[in-house]
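Here's the letter readout for the chains.
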Amino acid sequence: MHANVHQGLHGEGFIHALACAAGYTTTKMNLDLDGVDWQIAQAGPRGTVRSPKIECQVKAKSKPDLQDDSYRVRLEVGGYNKIAGEGFQIPRFLFMVTVPDKVSDYAVCTHEAMRLGTAGYWLQMGDKPVAPAGDEDPKSIVLHVPRRNLLTADSLGALLAGDLEGATS
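Residues numbered from 1 in each chain as written. Predicted model: local features only at pLDDT ≥ 70, side-chain atom pairs only at ≥ 80, totals over all residues. Heavy atoms only, no water.

Caption draft 1: Up close: the nonpolar core. Judged by nonpolar contacts, the single largest core of 23 residues is most densely connected at Ile15, Ile40, Phe95, Leu156 and Leu159. Of all elements in the fold, only α1 (3-21), β2 (38-41), β5 (53-61), β8 (92-98) and α3 (153-160) reach the threshold of two or more residues within this core. In this structure Ile40 touches Ile15, Ala19, Tyr24, Thr25, Thr26, Pro52, Lys53, Ile54, Cys56, Phe95, Leu156 and Leu160, once residues within four positions along its chain are discounted. Membership of the second largest hydrophobic core comes to 16 residues, among which are Val73, Leu75, Ile83 and Leu123. (Core = buried A, V, L, I, M, F, W, Y, C linked by side-chain atoms within 4.5 Å. Buried < 20%, exposed > 50% of the residue type's maximum accessible area, 1.4 Å probe, protein only. Helix = DSSP H or I, 4+ residues; strand = E, 2+ residues; numbered from the N terminus. Contact = heavy atoms within 4.5 Å.)

Set out below in structure tokens:
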């Protein structure tokens, strides 16, 4: 398996495992036509919302670019525009997963636990402007994913509840 494919597979598996550990259901999109890799949902009521859902695009990075307490993630404009901006019925997020340099550290298993390397972070995309996509416009955009936006079972629940402040650590 190509290293980038393996890295991406681990990143998506990381998100799936976290959602399952938190007690949420997941749906993997069969084709990435709309910029969404996973839909995460809570069955039943959560506050005043019944069966809340979020959608995410997952990017995995083995050598993340950390500057000023934010990870820099570059997306092609076409992919970015599929998840950015207003008007989506279901909130969309970019999930950035940092992965270990060594494949053998992706999942470390003992008799007591399985540790998935290393961490995931979120960025809400509904407030990001759609980028111009003309021939003369830039072909990619750099996003800054705050390190304080650590994905945990609790922060995932806060994102499902629409509580962005409660999802930061």
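Caption draft 2: Up close: the sheet that holds β2. Pairing is mixed across the open sheet formed by five strands, whose spatial order is β1-β2-β5-β8-β11. If you trace the sheet from one side to the other, it starts and ends with β1 (25-28) and β11 (119-124), each paired once. Sheet twist, expressed as the average angle between the axes of neighbouring strands with direction ignored, equals 30°. Two strands pair when backbone bridges link them, and β1 and β2 are joined in this way by four bridges, in the antiparallel orientation. The partner of Thr26 across the bridge, within β2, is Ile40. Contacts between α3 and the sheet are confined to β2, β5, β8 and β11, with β5 contributing the most and set at about 135° to the helix. (Pairing = 2+ DSSP bridges. Axes fitted to C-alpha atoms, helices over the stretch in contact; angles between N-to-C directions.)

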